[in-house]
Amino acid sequence: MLSVDNVPTLADKDIPIIAKSAGFMVWSFGMSLTTNCYCDVTFYPFDKQTCELGFIIVGAHFTDVQLSLSPYNDPLQTSYFRPNGEWEFVGNLTKIEETVVDGFVSRSVLFFIEFRRRPLFHFINSLLPVTLFSSLSCASFRVPADSGEKIGFCLTVLLGFAVYLTILTDFIPRRCTH
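Predicted model, so just to flag it, every value in this text is computed and none were measured. (Residues numbered from 1 in each chain as written. Predicted model: local features only at pLDDT ≥ 70, side-chain atom pairs only at ≥ 80, totals over all residues. Heavy atoms only, no water.)

Peer 1: Help me get a handle on the packing of aromatic side chains, residues and values and all.
Peer 2: The relative placement of two aromatic rings is captured by the distance of their centres and the angle of their planes. The full count for this structure, using the stated rule, is three aromatic pairs. Their ring planes at 40° and their centres at 6.0 Å tell us that F133 and Y164 sit as a pair that is tilted. Of this pair, F133 sits in helix α1 (residues 119–139) while Y164 sits in helix α2 (residues 150–171), and the two are 31 residues apart along the sequence. (Phe/Tyr/Trp six-rings, centres within 6.5 Å; stacked < 30°, edge-to-face > 60°. Helix = DSSP H or I, 4+ residues; strand = E, 2+ residues; numbered from the N terminus.)

Written out as structure tokens, the structure is:
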């Protein structure tokens, strides 16, 4: 996980804490987070990406906070995921982890979200146009030399191919060196 934006402070006056009659407090708040995940493009366009999101409870004693996951309900709600032509949602995994740092125990919730790239999307948008431009380039040999249109046709195909490859480089992912 590289970054998170818009994290509110814990002392926000708009986040209610409810005192229950049994003597415990309920603190629930919602927030919208934006994050980025590292992308490994070694097997592009036949790659899978797994994004790990971790939430750590800070500022509470180990015995004060109890985390549990229901075995019957999926803790990650995927109903807001909008399908698109490039990525396919494969699945998710959630687990609770305990770590010890300088003698203090903290609990965290880890979400693993997996996506698979659809190779047909890249076949249609990259390989097919390159094949068509190559066949147009080969078709220039069928144009008669004395018609005066051969050079114009070749330059038009070359210009179209160059413009397409310039646009295509913006969509192909670059290999990260992390």
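Peer 1: Can you lay out α1 for me, pointing to particular residues and giving the numbers?
Peer 2: Since there are 3.6 residues in each turn of an α-helix, residues three or four apart along the chain are aligned in direction. Under the 1.5 Å per step criterion, the end-to-end length of α1 is 29 Å for 21 residues, consistent within 8% with the ideal 30 Å. Of all the bends in α1, the greatest reaches close to 30° and is centred on L127; the proline P129 follows between one and four positions later. Those residues of α1 that fall on the buried side of the exposure criterion are H122, S126 and P129. Contacts made by the buried residues of α1 are with β7 (104–117) and α2. (Expected span 1.5 Å × (residues − 1). Bend = angle between axes of the 7 residues up to and from the residue. Buried < 20%, exposed > 50% of the residue type's maximum accessible area, 1.4 Å probe, protein only. Contact = heavy atoms within 4.5 Å.)

Peer 1: Tell me what's going on with the side chain of H122, and back it up with residues and numbers.
Peer 2: Topologically, H122 is positioned in helix α1. What makes H122 buried here is its relative accessible area of 7%. Other than its neighbours up to four places away in sequence, H122 contacts Y44, P45, E86, R117 and L127.

Peer 1: Break down the environment of I113 for me, with residues and values.
Peer 2: For I113, the position within the fold is in strand β7. Owing to a relative accessible area of 13%, I113 belongs among the buried residues under this scheme. Note: C-alpha distance between I113 and Q49 (64 residues apart in sequence) is 8.2 Å. Contact partners of I113, with chain neighbours within four places excluded, come to Q49, T50, C51, L53, L76, F89, G91 and N92.

Peer 1: Would you mind going over the nonpolar core in detail, with residue names and values included?
Peer 2: C51, L53, L76, V109, F111 and I113 form the largest nonpolar core, which has six residues in total. Tallying contributions element by element places β7 first for this core, with three residues. (Core = buried A, V, L, I, M, F, W, Y, C linked by side-chain atoms within 4.5 Å.)

Peer 1: Break down the side chain of S126 for me, citing the residues and quoting the values.
Peer 2: Topologically, S126 is positioned in helix α1. At 2.3 Å, the side chain of S126 forms a polar contact with the backbone oxygen of H122. Contacts of S126, omitting those with residues within four sequence positions, involve Y164 and L168. (Polar contact = N/O pair within 3.5 Å; in protein donor to acceptor, adjacent residues only side chain to side chain.)

Peer 1: Give me a nonpolar patch on the surface: which residues, what numbers.
Peer 2: A surface patch of nonpolar side chains, about 560 Å² in accessible area, is lined by L120, F123, I124, L127, L128 and L132. Within the secondary structure layout, L128 lies in helix α1. Taking the relative accessible area as the measure of exposure, L128 reaches 37% and is therefore partly exposed. (Patch = residues over 30% accessible without salt bridge, like charges linked within 9 Å, V, L, I, M, F, W, Y side chains within 5 Å. Areas by Shrake-Rupley, 256 points an atom, 1.4 Å probe, with all protein chains shown as cover. Salt bridge = Lys/Arg side-chain N within 4 Å of Asp/Glu carboxyl O.)

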